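Each chain, letter by letter, is given below.
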Amino acid sequence: MKLTTIICAGLLIAFGLGACVYALTGFNLLLFFSFGNIVVYRSVLSLAGVCALWMIFWLIAFRPLRHLS
């Protein structure tokens, strides 16, 4: 589970960087890496959604921030 969480966090960071490049320049980095294939593009975007849901589950189930207070 720890490896899954690390992979999902890394993917979300990569998607965030891609969104930042798109917001600042208008160049869609993810569409470029998927070679303009819309099916691959949407599949990768759905992977971002799954990663976000996993991170929400992880934060609720394991409450890693409870020791900070």
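Please refer to the structure placed before this passage.
Here goes a summary of the coordinates provided. Note that the coordinates shown come from a computational prediction; the quantities given were computed from them, not determined experimentally.

1. Let's talk about the packing of aromatic side chains
As enumerated under the stated definition, the model contains three aromatic pairs in all. With a centroid separation of 5.5 Å and 55° between ring planes, the pair formed by Phe-27 and Phe-32 is classed as tilted. The exposure class assigned to Phe-27 is partly exposed, which follows from its relative accessible area of 41%. Judged by relative accessible area, Phe-32 falls into the partly exposed class, the value being 48%. When the centroid spacing of 5.3 Å and the interplanar angle of 50° are considered together, the rings of Trp-54 and Phe-57 count as tilted. Of this pair, Trp-54 and Phe-57 both sit in helix α3 (residues 38-62), separated by three residues, roughly a single helical turn. Given the relative accessible area of 42%, Phe-57 is considered partly exposed. Taken together through their ring pairs, the aromatic side chains of Phe-27, Phe-32 and Phe-33 make up a single cluster.

2. Side note on helix α1 (residues 2-25)
With 24 residues, α1 ought to run about 34 Å at 1.5 Å a step, and its terminal C-alpha atoms sit 35 Å apart, in line with that. Packed against the buried residues of α1 are α2 (29-33) and α3. One or two steps after α1, the chain reaches Gly-26, where phi turns positive at roughly 85°.

3. Observations regarding the environment of Leu-30
Within the element layout of this structure, Leu-30 appears in helix α2. Sequence separation between Leu-30 and Gly-18 is twelve residues; the distance between their C-alpha atoms is 6.6 Å. In contact with Leu-30, not counting residues within four places along its chain, are Phe-15, Tyr-41, Val-44 and Leu-45.

4. Quick word on α3
For α3, with 25 residues, the first-to-last C-alpha span of 36 Å sits near the 36 Å given by 1.5 Å per residue. What α3 keeps buried is the set Tyr-41, Ala-48, Cys-51 and Met-55. Summarising the contacts, the buried residues of α3 are in contact with α1 and α2. For α3, the side-chain oxygen to backbone nitrogen distance between the N-cap and Val-39 is 3.2 Å, and the N-cap itself is Asn-37. At the exit of α3 stands Arg-63, carrying a positive phi of roughly 40°.

About the thresholds
- Residues numbered from 1 in each chain as written.
- Predicted model: local features only at pLDDT ≥ 70, side-chain atom pairs only at ≥ 80, totals over all residues.
- Heavy atoms only, no water.
- Phe/Tyr/Trp six-rings, centres within 6.5 Å; stacked < 30°, edge-to-face > 60°.
- Buried < 20%, exposed > 50% of the residue type's maximum accessible area, 1.4 Å probe, protein only.
- Helix = DSSP H or I, 4+ residues; strand = E, 2+ residues; numbered from the N terminus.
- Expected span 1.5 Å × (residues − 1).
- Contact = heavy atoms within 4.5 Å.
- Polar contact = N/O pair within 3.5 Å; in protein donor to acceptor, adjacent residues only side chain to side chain.

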